[in-house]
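These are the residues of each chain, in order.
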Amino acid sequence: MLIVADENIPLLDAFFEDIGQIRRVSGRDMTAEDVRHADILLVRSVSRVNSALLEGSRVKFVGTATIGTDHVDREYLTSRGITFCCAPGCNANSVVEYVLSVLSLWAERTGRANWAARSVGIVGAGNVGGALWRTLERLGFDIKVCDPFREAEETDSNLFVALDEALACDVVSIHTPLTRDGEHPTFHMIDAARLARMNAGQLLINSSRGEVIDETALRERLQQPDAPTVALDVWENEPGINPETVALSWLATPHIAGYSLEGKVQGTEMIYQALCRFLGLPARKRSGQFLPEPALAKIAFTSSAQAPDASGTAIRACYDPRRDDAQLRSTMTLAVAERGREFDRLRHDYPVRREFSSVKIQLKGTSRSLQDVFKGLGFRLKL
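Residues numbered from 1 in each chain as written. Predicted model: local features only at pLDDT ≥ 70, side-chain atom pairs only at ≥ 80, totals over all residues. Heavy atoms only, no water.

Caption draft 1: Quick look at the pattern of salt bridges. Under the defined criterion, the tally for this structure stands at 18 salt bridges. With its nearest N and O atoms 3.5 Å apart, the salt bridge here joins R219 to E215. Of this pair, R219 and E215 both sit in helix α10 (residues 215–222), 4 residues apart, which is roughly one turn of the helix. Take R219 and E215: they sit in the same class, and that class is buried. Taken together, the salt bridges that share partners define one network made up of D164, R194 and R197. (Salt bridge = Lys/Arg side-chain N within 4 Å of Asp/Glu carboxyl O. Helix = DSSP H or I, 4+ residues; strand = E, 2+ residues; numbered from the N terminus. Buried < 20%, exposed > 50% of the residue type's maximum accessible area, 1.4 Å probe, protein only.)

Following this line, the structure appears as structure tokens:
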């Protein structure tokens, strides 16, 4: 059995070597010839899985180790009798921690000692947005959530607000899929009119899909007075992103919000489990078997520690987006084709990033409130 897989999927051998022969290929450059003789296809979001890729192949199972599925023509797969699976929620916690780190930096930048004194509008409350909602609630933030699909399913519609109300919050974090049809399409959902109503006191974070924001309108707005602060992890026209958009953004990262090691490995595990079900095999392997010891295992704080400074120190010890921002900006003077290659290289060669749960926080004589903050963030505590 031949398994063709995106070379960026971690632990391919560990999970799949007992199932079949593995052939690694570039996900961005994957061709029909690459998959022609494959039985199993494993991808990430950079591969367009459609008739052009699969017609004439013998593929019977497609798995994407990602939350999003807009890169997959699911109707075509169904018409061909090809089984499909994705990895919903695999890197949700990683994206949440990305947003928390951005929020921590912004609180420091704007001189707010109490970062939870800001209102946060969450647009999209699926696996990622829902996880962010729960985390920010534990931390005491004022939260407004817009998700018309979840609102229709919930018995308490008062949990949700209209999009424009969410966009009026101090911080707006976008977590929607990319859709172009239906009752609530998200393509260019954040358009010129909505950007015009945002102001310099607001922070807009997008870690979902670049096309959710009209980037042309965003560039125009960011050059006008009273423009919002913007942190972007996703872009229109990836990997050949627009250097002007990068220059106008406060933080700019190369689509890596969900790139914690735990998130990536969990994505691999989820498609491994789905493939085992498809083949009628027992799923004996778990991601915990393969996670290495973290480079940073423990941080200690004494009774002198104050909540905002201590939590910010711990958050950024685990992940500081300014490092990714600096690396992405350094590529923006290159020619278009080179910029695209460098964008993909930054993702391909991304350093190991561990989640908060891999770190034990030692607290000596600290307040209960500080303990609650670290618990809310997801760190392990040693009191």
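Caption draft 2: Here's a closer look at the nonpolar core. Among the nonpolar cores identified, the biggest contains 51 residues, and W115, L136, I361, F374, L377 and F379 are the most heavily contacted of them. Among the elements that line this core, the one with the most residues is helix α5 (residues 92–109), at 11 residues. Leave out the neighbours within four places in its chain, and L377 touches L100, W115, L139, S311, I315 and F356. Within the second largest apolar cluster, 30 residues are counted, among which are V161, L163, I213 and L218. (Core = buried A, V, L, I, M, F, W, Y, C linked by side-chain atoms within 4.5 Å. Contact = heavy atoms within 4.5 Å.)

Caption draft 3: Focus on the packing of helix α13 (residues 307–318) against helix α16 (residues 368–377). Running from N to C, α13 and α16 cross one another at 30°; their axes reach a closest spacing of 10 Å. Between α13 and α16, the angle is such that the two are roughly parallel. Judged by the twist between their axes, the crossing of α13 over α16 is right-handed. Residues A307, A310, S311, A314 and I315 of α13 lie in contact with α16, whose contacting residues are L370, V373, F374 and L377. Along the lines of polarity and charge, the residues of the contact of α13 with α16 split into 8 nonpolar, 1 polar and no charged. (Axes fitted to C-alpha atoms, helices over the stretch in contact; angles between N-to-C directions. Parallel < 35°, antiparallel > 145°, perpendicular 65-115°, else oblique. Left-handed = near helix turned anticlockwise from the far one by under 90°. Nonpolar A, V, L, I, M, F, W, Y, C, P; charged D, E, K, R; others polar.)

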